[in-house]
Amino acid sequence: MREGLGSRLSTAGSTALWRAARLLGRMRRRGKSLPVAWFITDPNRTPDPMAIAERLPRGAGVIYRHFGRPNAEGQARQLARIARRRGLVLLIGAEAALAAKVGADGVHLPERMSGAVHRLHARRPGWIVTVAAHSPRALRRATGADAALLSTVFESRSPSAGRPIGVVRLAALVRTSAAPVIALGGVNASTVRRLQRTEVAGFAAVEAFSKRWPDLSGQA
């Protein structure tokens with residue numbers, strides 16, 4: 001049976017994610033080196049993002065999304081400290097002010113805010129700015145972004161997941177995308193191998209990083 005996004009990953013399965021990351025290679029955009037593998041936080045599905053960040057390999061990315069939770073700034077500051085100490089790249093979801101306040105590396109914009117990419121790059125040229133894309137049209141609007149997180153790629157148990165794109169369509173979209181594409185949705189140790197011939201720049205996941213994760217800090 002195919003392993004779902006929410007199922008428990010074994011140590012071997014977790015290692016497979018990083019093997020795939022190395023095969024996909026390192027992405028560079030406007031002189032910036034961007035992570036291939038991204039952990040996306042969720043207040044409900046990953047209630048302790050700091051514990052997961054502490055075990056991520058050096059060079060991984062973290063996108064912190066708080067959805068208005070009252071402890072957002074405190075968690076963002078903790079993640080920023082972990083990111084600096086462990087060599088991670090931290091983006092804050094939607095809020096440039098919070099990203100600047102905690103010293104994050106940039107911002108991840110929801111699809112509805114993708115028009116702010118050029119303004120943010122003009123104000124903070126050193127920042128990494130990524131955008132969410134849930135359709136081909138949104139992907140075409142990602143011009144100027146350092147990367148677009150395209151979803152949903154595989155079948156996912158996320159409450160907001162749409163119909164899976166699948167590998168064939170994903171590969172076609174990557175070739176015509178205005179920005180490097182990060183695959184999101186249903187990416188786990190079983191499905192990540194299917195990305196290697198799609199020319200995606202990387203992958204992102206929520207729960208795949210939270211299940212029985214080994215300490216791979218020396219395997220970046």
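The structure we're discussing is the one just above.
Residues numbered from 1 in each chain as written. Predicted model: local features only at pLDDT ≥ 70, side-chain atom pairs only at ≥ 80, totals over all residues. Heavy atoms only, no water.

Peer 1: Go over helix α7 (residues 167-176) with me, naming the residues and quoting the values.
Peer 2: Of all the positions in α7, only L170, A171, L173 and V174 are classed as buried. The buried residues of α7 occupy an angular sector of 165° when projected down its axis, which confines them to one face. Opposite the packed face of α7, turned more than 90 degrees from it, sit the exposed residues V168, R175 and T176. Close packing links the buried residues of α7 with α6 (136-140), β8 (147-150) and β9 (181-184). (Buried < 20%, exposed > 50% of the residue type's maximum accessible area, 1.4 Å probe, protein only. Helix = DSSP H or I, 4+ residues; strand = E, 2+ residues; numbered from the N terminus. Arc of directions from axis to C-beta. Contact = heavy atoms within 4.5 Å.)

Peer 1: Please set out the pattern of salt bridges residue by residue, giving values where relevant.
Peer 2: Considering all chains together, one arrives at six salt bridges under this definition. Here R65 and D42 are joined by a salt bridge, their closest N and O atoms 3.5 Å apart. Taken together, the residues R65 in the loop between β4 (61-64) and α3 (72-86) and D42 in the loop between β3 (37-40) and α2 (49-53) connect sequence positions 23 residues apart. What makes R65 partly exposed here is its relative accessible area of 24%. (Salt bridge = Lys/Arg side-chain N within 4 Å of Asp/Glu carboxyl O.)

Peer 1: Break down the sheet that holds β9 for me, with residues and values.
Peer 2: Sheet strands pair by backbone hydrogen bonding; their relative direction is either parallel or antiparallel. The parallel closed barrel is built from eight strands, whose spatial order is β3-β4-β5-β6-β7-β8-β9-β10. For this sheet, the mean angle separating the axes of adjacent strands, direction not counted, is 25°. Judged from the four bridges that link them, β4 and strand β5 (residues 89-93) form a sheet pairing that is parallel. Looking at the pairing, Y64 lines up with I92 of β5. (Pairing = 2+ DSSP bridges. Axes fitted to C-alpha atoms, helices over the stretch in contact; angles between N-to-C directions.)

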